[in-house]
Amino acid sequence: MRNITVKIPATSANLGSGFDCLGLALDLWNTVRIAVNEGAENSEIKITGYGLGDLSTDNTNLVLKSVLNVYEHVGIAAPNFLIHCDNLIPLKRGLGSSAAAIVGGCVAANQLLGEILSIDELLVRASEIEGHSDNVVAALMGGIKIVAKDNASLMTASVPTPNNLKTVLFIPDTSVSTLNARNSLPSMVPYDDVVFNLSRVALLVNSLATDRLEGLVVGTQDRLHQPHRIPLFPPAGLIMKEAIKAGALGAFLSGSGPTVLALARGREMTIAYEMAEAARKANLDGNIMITDISASGAYVVNDSDEELK
Ligand code: HSE
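Criteria and thresholds
Residues numbered from 1 in each chain as written. Predicted model: local features only at pLDDT ≥ 70, side-chain atom pairs only at ≥ 80, totals over all residues. Heavy atoms only, no water. Pairing = 2+ DSSP bridges. Helix = DSSP H or I, 4+ residues; strand = E, 2+ residues; numbered from the N terminus. Axes fitted to C-alpha atoms, helices over the stretch in contact; angles between N-to-C directions. Contact = heavy atoms within 4.5 Å. Salt bridge = Lys/Arg side-chain N within 4 Å of Asp/Glu carboxyl O. Buried < 20%, exposed > 50% of the residue type's maximum accessible area, 1.4 Å probe, protein only. Near = heavy atom within 4 Å. Polar contact = N/O pair within 3.5 Å; in protein donor to acceptor, adjacent residues only side chain to side chain. Areas by Shrake-Rupley, 256 points an atom, 1.4 Å probe, with all protein chains shown as cover. 1 Å grid on protein atoms, 1.4 Å probe; cavity = no way out; pocket = protein on both sides within 12 Å on 5 of 7 lines; lining within 4 Å. Sits in = over half its atoms within 2 Å of the grid points. Domains from an automatic or database assignment. Expected span 1.5 Å × (residues − 1). Buried area = accessible area lost by both parts, 1.4 Å probe.

**Overview of the sheet that holds strand E7 (residues 166-172)**
And step 1. An order of E8-E9-E7-E10 is seen for the four strands of this open sheet, with the pairing classed as antiparallel. With partners counted over all chains shown, the strands left at the sheet margins are strand E8 (250-253) and strand E10 (286-292), one partner each. On average, adjacent strands in this sheet sit at an angle of 20° to one another, irrespective of strand direction.
And step 2. Inspection of the sheet shows E7 paired to strand E9 (residues 260-264) by five bridges, in the antiparallel sense. For Lys-166, the partnering residue across the bridge sits in E9 and is Ala-264.
And step 3. In this fold helix H9 (residues 235-245) packs onto E7, E8 and E9, with an angle of close to 165° to the strand it touches most, E8.

**A closer look at the pattern of salt bridges**
And step 1. Taken as a whole and judged by the stated rule, the model has eight salt bridges.
And step 2. A salt bridge links Glu-242 to Lys-245; the nearest nitrogen and oxygen atoms lie 3.3 Å apart. Of this pair, Glu-242 and Lys-245 both sit in helix H9, separated by three residues, roughly a single helical turn.
And step 3. By relative accessible area, Glu-242 is classed as buried at 18%.
And step 4. With a shortest N-O distance of 2.9 Å, Glu-277 and Arg-280 are connected by a salt bridge. With Glu-277 and Arg-280 both in helix H10 (residues 268-281) and three residues apart, this pair spans about one turn of that helix.
And step 5. A relative accessible area of 17% places Glu-277 in the buried class.

**Some remarks on the environment of Asn-183**
And step 1. On the secondary structure map, Asn-183 appears in helix H5 (residues 178-183).
And step 2. In this structure, the C-alpha to C-alpha distance between Asn-183 and Arg-229, residues 46 residues apart in sequence, is 9.5 Å.

**What about the site of the ligand?**
And step 1. The environment of the ligand is formed by Ala-13, Asn-14, Phe-19, Asp-20, His-132, Asp-134, Asn-135, Arg-182, Arg-229, Gly-255 and Ser-256.
And step 2. Within the side chain of Asp-134, one N or O atom sits 2.6 Å away from a nitrogen atom of the ligand.
And step 3. Asn-135 is positioned with one of its side-chain polar atoms (N or O) 3.2 Å from an oxygen atom of the ligand.
And step 4. Relative to its unbound accessible area of 260 Å², the ligand is 96% covered by the protein chains.
And step 5. For the ligand, the cavity whose grid points lie within 2 Å of the majority of its atoms is the largest pocket.
And step 6. Mapping the shell around the ligand onto the domain boundaries places at least three of its residues in each of domain 1 (3-159 + 294-304) and domain 2 (166-292).

**Concerning the environment of Val-260**
And step 1. Relative to the elements of secondary structure, Val-260 occurs in strand E9.
And step 2. Overall, the relative accessible area of 0% leaves Val-260 in the buried class.
And step 3. Each C-alpha atom, one on Val-260 and one on Ile-239, is 7.3 Å from the other, the two residues being 21 residues apart in sequence.
And step 4. Once residues lying within four places of it in the same chain are set aside, the contact partners of Val-260 are Val-168, Leu-169, Phe-170, Ala-236, Ile-239, Met-240, Phe-252 and Met-275.

**A look at helix H3 (residues 119-130)**
And step 1. Across its 12 residues, H3 extends 16 Å between first and last C-alpha, which sits within 8% of the 16 Å expected from 1.5 Å per residue.
And step 2. When H3 is considered as a whole, its buried residues turn out to be Leu-122, Leu-123, Arg-125, Ala-126, Ser-127 and Ile-129.
And step 3. Count one or two residues on from H3 and you reach Gly-131, which has phi positive near 105°.

**A word on unusual backbone geometry**
And step 1. Residue Pro-258 is reached from Gly-257 by a cis peptide bond, and omega for that bond is 5°.
And step 2. Examined against the element boundaries, Pro-258 turns out to sit in the loop between E8 and E9.
And step 3. The phi dihedral of Asn-283 falls on the positive side, at around 60°, and the residue is not glycine.
And step 4. Here Asn-283 lies in the loop between H10 and E10.
And step 5. By relative accessible area, Asn-283 is classed as exposed at 73%.

**Concerning the pairing of E7**
Each regular strand displays side chains that alternate between the two surfaces of the sheet.
And step 1. Burial analysis of E7 places six of its seven residues in the buried class, which makes it a mostly covered element.
And step 2. For E7 and E10, the ladder comprises seven bridges, and the chain directions are antiparallel. Paired with Pro-172 across the bridge in E10 is Gly-286.

**Considerations on the domain arrangement of the chain**
And step 1. For the chain, the assigned domains are domain 1 (3-159 + 294-304) and domain 2 (166-292).
And step 2. On a C-alpha basis, the centroid separation for the pair domain 1 and domain 2 is 25 Å.
And step 3. Listed by partner, the interface residues are 25 residues for domain 1 and 36 residues for domain 2.
And step 4. When domain 1 packs against domain 2, close to 2200 Å² is buried across both sides, 64% of that on carbon and sulfur atoms.
And step 5. Of all residues in domain 1, the largest losses of buried area upon contact with domain 2 belong to Ser-17, Phe-19 and Arg-93, amounting jointly to 29% of the total for that side.

Structure follows, in structure tokens:
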């Protein structure tokens, strides 16, 4: 039986000022294994790691839904599948677990179908399922990415990743739903705030591209989403402040939160310690992680004939 294994990275969207248009891939991976479930009446999904007992294992499962979406899109009747999701990306923490599931499903289906879709077509498919593209573009293509919607198409561009730039994450034990975090945003924003973010996102991209990292602390500041989301998770403001004080180059909510991400080149352990201390003082449990920015997005590991168990 043909067996596909896909690895998909965790991602962080927004990077502070780049609301809905910047994303980066982290060196933390989910694995999706898929095979056609010959002769079976249903698809079967096994989950290990995060989401075991939590995530659905029927047709509403995001990996399966995405596989079926690709088959439907190309007009080929889908067989039943055997899917194993091994999840190392924590759920509902602003680390792109949904984007990883969707990209995993889309890439796996595309592989089973003989790479019928291009990477740009996969990006459109996965973004349509997810609802926005910033996590999806980074999960699919890796590195630090810009994404811009142009009518029905999506323009993407890479931002160079400075050498040895690391991320320090504080991942709280409590979750925030992306929907609530999205609903907390106002429908109108003042001109001043738009200019505040426009100037900073331009500075952020330039700082990364030219390795002038002193621009990141201002370049990652934001007025479009964080001021509305931090009240859902008040310790985030303090954790960000302590990270900067300890030497982080910039700190922001990862996606819609609650994870706080600090960028660093050096002093990672000190930054991690101070972020954890700030959380402890706020009586908040969580985990610290120091990771690289992954140059690679989702990739197919092997295409063996081994039976999927
Ligand atoms: N850009 C999206 C948002 C990412 O901030 O709502 C969600 O993870």
